[in-house]
Amino acid sequence: MLFRASLGQGQTAIDAYQAWRASEPLDAADELVYRTMPLLVATADKAGITDADTRRMRGVVKHVWLSNATRVRDVVAAGAALKQAGIASLLIKGGALFARDESCMAKRMTGDYDLLVRRTQAKRAIDVLRQASFRSHGMKVELFSESDFDRDIHAVAMSRAGFSRSIDLHWRALFWLEDESLTEELFSTAETATLLTHEVLIPGLAEHLAIAAMRPEPADQSEMVSRALEVVHVLESAGGKVDWDRFRSIVTRYNGSLFAAQLLDVVAREMPELVPDGLVDELWRYSPPGKSVEIAIRAVPWAQRSQWQHFWVAFLAALRAQFKGPFQGGDWLRLPGAAAAAFDASAVHFPLFRDAILKRVWQRAARVSHPLQGKDVWFGQGFSIPEDEGRWTDQQFAVIDVPVDGQSQALADVELAVIPFLPPGTERFRFTACAGTGEVLQITAGRKDPMPFRVALKARIIGKDKRKIIVALRMLDRRRPMDIGHSIDHRLLGLFVKSVSVNGVPVFTPAGAAP
């Protein structure tokens, strides 16, 4: 409705605008409404619609350009600091749109400006910005280790003047895509543009459209509208110069055709002249059977999905990744093998046979190497962001990867000092552990046990040149604080890991995690 009211045509836009005005008072409007206010007011002005809130809405519009312009200096300062340190940065999302077409600065308000750096330079980029007086919001980035950049975090908000003027520093252009080759492709095809007299680097036209179209999930309607508006503005400013073959190549190569199809479908319904005929249907065909089920499940907010829904989303996404072209009749023969590979990739989410899955999680972690690990303990799966005194697990399965170079023996003694999440009324916390010896330990920590609770494991040392220990954990009694009225924290808390020791020698402590 909001998208149609903002950019729809004729009576369709007017009807959507009036439906929106009737649906909620202006005082209850969310951030997205204020960010699209110039377009909404333009629709009302064309139709000659006024009401008690019209003057206030026009007041918001007057401040849109000024708000966007005053925040430019922070992103320019951040880019300059990174450049001086030899770190290339790419302006993406709304900032790239403004650099491409300055008139858009008066049409929509950006929530923040977004800079993309390469994954290998992410930690140093944060250090550079901190030295330039930027500070993070909600995350203690000074405690980040390299493993924090390989988890489900894809960006951090940083600012010199408070949260309202933040920039987002990204090391992945898309939160769901870990393939670093997309970032390299974005840098290799980048264009130089001007943002209020400042020279900036932005994605190429097809690349800009691709990352906007592939970004939103069905559950995030606010992001869907924001990115759809961005796509429309880019297309209107492009003047027919889009290389649609390149766009198609990008979204299909990076397994984003499903997301791009749903967003372009939204745009095409309201402004069909902007989207090539048949493109949406072609992108839909790149997905194997099950895409309608996946879209339906993804429409459920992440924190509200059941275990089975999390599994099916992971499985269907992995299944899509097995097919690089439109799904055709001959692909039915490939489907069983592709499904087996997809199950292996998504097994961590499978709700049954948990001990067997835990062993599989250990085996997969044992096969993976982390080139940037160094001597640090790697909290790459199932852990939340670092805190002053340790780390929470925030998924059902969590993996601790400990380098042990110089150790020649086959086994080592590992001790974890943990604190279980025990909300009021809970007397025990159950979890299991696997360290590669073939045994899955069943462990219970009670409220009356000494804390931190000590977990002693006999762990197998694996590898030849670079040897390591893998400890895989499964939380049986995890809870979300928000579900029990403790806070707005939506994390699925299990164990708070305070320290890790190998053969009596501490390899991770809060003091060791700090710079």
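Our subject in this report is the structure included herewith. All residue numbers refer to positions counted from 1 along the written sequence of the respective chain. The model is predicted, so local features are restricted to residues of pLDDT at least 70 and side-chain atom pairs to those at 80 or more, both for listing and for counting; the totals for chains, interfaces and linings are taken over all residues. To obtain the side-chain values, all non-hydrogen atoms of the structure were used and water was disregarded.

## Some thoughts on the overall build of the chain
- Helix and strand content of the chain: 19 helices and 17 strands.
- It is over C-alpha atoms that the radius of gyration is taken, and the globule rule equals 2.2 Å times the number of residues to the power 0.38. Compactness check: the chain gives a C-alpha radius of gyration of 25 Å against a globular reference of 24 Å for 515 residues, within 12% of the reference.
- With the C-alpha coordinates aligned to their principal axes, the bounding extent of the chain is approximately 75 × 60 × 50 Å.
- Here's how the labels work: a residue is buried when its accessible area is under 20% of the maximum for its type, exposed when over 50%, partly exposed in between, all with a 1.4 Å probe on protein chains only. Counting over 515 residues, the chain shows a buried share of 54%.
- By definition in these notes, contact holds between two residues if any of their heavy atoms fall within 4.5 Å. Of all intrachain contacts in the chain linking residues separated by at least 6 positions in sequence, the fraction that spans at least 24 positions is 70%.
- Approximately 22800 Å² of the chain is accessible, and the part contributed by carbon and sulfur atoms is 52%.
- Lys and Arg are tallied as positive, Asp and Glu as negative. Neither His nor the chain termini are counted. Lysine's charge is taken at NZ, arginine's at CZ, aspartate's at CG and glutamate's at CD. Charged side chains of the chain number 64 positive and 61 negative; the gap between the two group centres comes to 3 Å. Numbered from the N terminus, helices here are DSSP runs of H or I no shorter than four residues, and strands are runs of E no shorter than two. Throughout, the Shrake-Rupley method with a 1.4 Å probe supplies accessible areas, and for residues the shown protein chains are the sole cover considered.

## As for the pattern of salt bridges
- Think of a salt bridge as a Lys or Arg side-chain nitrogen and an Asp or Glu carboxyl oxygen that are within 4 Å of each other. Here the structure, examined in full by the defined rule, presents 43 salt bridges.
- A salt bridge links R35 to E31, with the nearest nitrogen and oxygen atoms 3.8 Å apart. Of this pair, R35 and E31 both sit in helix α3 (residues 31–35), 4 residues apart, which is roughly one turn of that helix.
- Connected via shared salt-bridge partners are R21, D27, D51, D53 and R56.

## Digging into the side chain of D489
- Looking at the secondary structure, you find D489 in the loop between β15 (468–475) and β16 (495–502).
- We define a polar contact as two N or O atoms separated by no more than 3.5 Å, with the added condition that, inside protein, one atom must be a possible hydrogen donor and the other a possible acceptor, whereas residues neighbouring each other in sequence contribute only through side-chain atom pairs. A polar contact is formed between the side chain of D489 and the side chain of R491, at a distance of 2.8 Å.
- Those residues in contact with D489 that lie beyond four places of it in its chain are R480, P481 and M482.

## Considerations on the packing of aromatic side chains
- Only Phe, Tyr and Trp rings take part, Trp by its six-membered ring, and two of them pair if their centres are within 6.5 Å. Stacked means planes under 30 degrees apart, edge-to-face means over 60, and tilted covers everything else. This model, assessed by the stated rule, comprises 22 aromatic pairs.
- Aromatic pair F311 and F315: ring centres 5.8 Å apart, planes at 25 degrees, arrangement stacked. Here the residue F311 and the residue F315 both occupy positions in helix α16 (residues 307–320), the gap between them amounting to 4 residues, near one helical turn. Neither residue differs from the other here; F311 and F315 are each classed as buried.
- Pairwise contacts between aromatic rings join W308, F311, W312, F315, F343, F350 and F353 into one cluster.
- Consider the ring centre and the ring normal. A charge sits over the ring if Lys NZ or Arg CZ is within 6 Å of that centre and within 35 degrees of that normal. A cation over an aromatic ring shows up here: R21 above the ring of W20, its NZ or CZ 5.3 Å from the ring centre.
- Here the guanidinium or amino end of R118 rests over the ring plane of F187, the centre of that ring lying 4.3 Å away.

## Some details on the pairing of strand β10 (residues 397–403)
- Counting buried positions over the 7 residues of β10 gives 7, a clear majority of the element.
- Residues F397, V399, D401 and P403 of β10 are buried on one face, and the alternating residues A398, I400 and V402, pointing to the opposite face, are buried as well.
- Taken together, the 2 bridges between strand β8 (residues 378–381) and β10 define a ladder with antiparallel strand orientation. Residue pairing for β10: Q381 is matched across the bridge by V399. A strand pair is defined by DSSP finding two or more bridges across the two strands.

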